[in-house]
Amino acid sequence: MLRLFFFEVFKLFRLRSVGLGLLSAFLLPFLWALAPGLKEVYGLVLASGWQVVALSLLAGMEFLFPFLVVMAASESLGSEVAQGTLKSLLLRPLSRTQLLLAKLLAVLLYPFVLLGASFLGGVLAGLPHGLGAFYGGTGLGAGGFAGVGLLTPKEALWELLRAHLLAGAVLMPLASLALLYGTLFLSTTASALAAVATLLLMRLLVAFPAFTPFLLTTYLDLHLRPEAAGLGLSLLLIYTLGFAFLGALVFERRDL
């Protein structure tokens, strides 16, 4: 099973969409470091390189990172169908559930690699602004970018690492959802569109307050609300496992 997992990771990171996604995540912070309109948009004058890392995360989690994760998860199965390699894989002495589990673990790893690329790019892009102590905030802790006083590099690093890990947890159920639709439609485009449409429909359910605490979309900004991590992480895990379970049921019964 471990060998199958590494094989799926290798295949996933060979996909063009994954390579472009990682490159985009790495380059995004350089755009923010050079952006002339930060004061007008965010009311921010960069005081530290740590703020560049935070800006990249905040901007990416609005749409780019969720979209890249959904596309990668959809393509992990859709590309096999398009290239005709899925049937040959199923001829091997392994169950469909094992194959899908290996793919699931690979796509669940991708969000953290994607965010790691963004973090690395942010640190490099922020070097000219310095990575020492500064008066202000990272935008991800108390006081936002204004902060509450002097912020040490250790405190800034902790806030950013915590936010990136929470963001990775937020992206996991999106990958699992896209893979579920992949088993239903066996198409990259259809799977990605269905996953995005599902998230948009979930957002509309905020009109029903009784559902709001249990909606996946309620926790898409968990990286900004670490105090909600207790319930939020539990629900995100339930969604991830639930989508994976449904995907396994569909895949086992799918006529290929």
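Residues numbered from 1 in each chain as written. Predicted model: local features only at pLDDT ≥ 70, side-chain atom pairs only at ≥ 80, totals over all residues. Heavy atoms only, no water.

Undergrad: Now, about the overall build of the protein chain: what can you tell me, with residues and values included?
TA: Assigned secondary structure in the protein chain consists of nine helices and two strands. For the protein chain, the sequential pattern of α-helices and β-strands runs α-α-α-α-α-α-β-β-α-α-α. Compactness check: the protein chain gives a C-alpha radius of gyration of 20 Å against a globular reference of 18 Å for 256 residues, within 12% of the reference. In terms of principal-axis extent, the alpha carbons of the protein chain reach across some 60 × 40 × 30 Å. Within the protein chain, buried positions represent 50% of all 256 residues. Of the contacts made within the protein chain by residues no fewer than 6 positions apart, 70% connect residues no fewer than 24 positions apart. Total accessible area on the protein chain stands at roughly 12400 Å², and carbon and sulfur atoms take up 72% of it. (Helix = DSSP H or I, 4+ residues; strand = E, 2+ residues; numbered from the N terminus. Rg over C-alpha atoms; globule rule 2.2 N^0.38 Å. Buried < 20%, exposed > 50% of the residue type's maximum accessible area, 1.4 Å probe, protein only. Contact = heavy atoms within 4.5 Å. Areas by Shrake-Rupley, 256 points an atom, 1.4 Å probe, with all protein chains shown as cover.)

Undergrad: Break down the nonpolar core for me, citing the residues and quoting the values.
TA: Ranked by size, the top nonpolar core spans 84 residues in total, and within it Leu 12, Phe 65, Tyr 110, Leu 114 and Leu 216 carry the most contacts. When residues of this core are traced back to their parent elements, those giving at least two are helix 1 (2-12), helix 2 (16-34), helix 4 (49-83), helix 5 (86-90), helix 6 (96-126), helix 7 (153-185), helix 8 (188-204) and helix 9 (229-253). Each residue touching Tyr 110, except ones within four places of it in the same chain, is listed here: Leu 12, Phe 13, Ser 17, Val 18, Gly 21, Leu 22, Leu 68, Val 69 and Ala 72. (Core = buried A, V, L, I, M, F, W, Y, C linked by side-chain atoms within 4.5 Å.)

Undergrad: So, the pattern of salt bridges: which residues are in play, and what are the values?
TA: As enumerated under the stated definition, the model contains five salt bridges in all. Lys 103 is the partner of Glu 80 in a salt bridge, and the nearest nitrogen-oxygen pair spans 3.0 Å. In this pair, Glu 80 sits in helix 4 while Lys 103 sits in helix 6, placing the two residues 23 residues apart along the sequence. Judged on exposure class, the residue Glu 80 and its partner Lys 103 are both buried. Several salt bridges converge on common partners, so that one network encompasses Glu 8, Lys 11, Glu 80 and Lys 103. (Salt bridge = Lys/Arg side-chain N within 4 Å of Asp/Glu carboxyl O.)

Undergrad: Quick one: what's the story with the packing of helix 4 against helix 8, residue by residue and with numbers?
TA: With their axes 8 Å apart at the nearest point, helix 4 and helix 8 run at an angle of 145° to one another. Here the hand of the crossing between helix 4 and helix 8 comes out right-handed. Residues Val 70, Met 71, Ser 74, Glu 75, Gly 78 and Ser 79 of helix 4 form the contact with helix 8, whose own contacting residues are Thr 188, Ser 191, Ala 192 and Ala 195. (Axes fitted to C-alpha atoms, helices over the stretch in contact; angles between N-to-C directions. Left-handed = near helix turned anticlockwise from the far one by under 90°.)

Undergrad: An account of a nonpolar patch on the surface is needed here, citing residue identities and associated values.
TA: A cluster of nonpolar side chains, contributed by Met 1, Leu 101 and Leu 105, occupies part of the molecular surface with about 260 Å² of accessible area. A relative accessible area of 39% places Leu 101 in the partly exposed class. (Patch = residues over 30% accessible without salt bridge, like charges linked within 9 Å, V, L, I, M, F, W, Y side chains within 5 Å.)

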